[in-house]
Amino acid sequence: MRWTLLRCCANLGENMHLDNAVKVLFCLLFLSLLGCGEGLGNIPDAELRQRHYRCQMATGLSQAEIQVCKNIKRECELRAKNGNFAC
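Residues numbered from 1 in each chain as written. Predicted model: local features only at pLDDT ≥ 70, side-chain atom pairs only at ≥ 80, totals over all residues. Heavy atoms only, no water.

A. Structural view of the overall build of the protein. A count of helices and strands for the protein gives 4 helices and 0 strands. Taken over 87 residues, the protein has a buried fraction of 16%. Counted over contacts in the protein with a minimum sequence separation of 6, partners at least 24 positions apart contribute 54%. (Helix = DSSP H or I, 4+ residues; strand = E, 2+ residues; numbered from the N terminus. Buried < 20%, exposed > 50% of the residue type's maximum accessible area, 1.4 Å probe, protein only. Contact = heavy atoms within 4.5 Å.)

B. Highlighting the nonpolar core. Residues L40, I43, L48, C55, C69, I72 and C76 constitute the largest nonpolar core, which totals 7 residues. Where this core is concerned, the elements lending two or more residues are α3 (45–57) and α4 (63–81). If you tally residues by element for this core, the top one is α4, at 3 residues. In this structure L40 touches R51, N71, I72, E75 and R79, once residues within four positions along its chain are discounted. (Core = buried A, V, L, I, M, F, W, Y, C linked by side-chain atoms within 4.5 Å.)

The analysis is restricted to geometry; functional conclusions fall outside its scope.
Structural data, given as structure tokens:
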């Protein structure tokens, strides 16, 4: 599997070295994550409240689900700081 991944990164450009390919992939990943930062700020209070409740009641969450629940909790706390006690 490692060889396939290295070959894939090396094939991003004919003259591109592996270091440059990894930098390009990292930059693309970083930019895609920046786009996720505004997602919770735009959802309605009712939906945020519902998601927060589901997170509190959930058991056996995966790492990704735990992170989503942390983000939801953070958004609830941010709204509470601003006087909006949605959760």
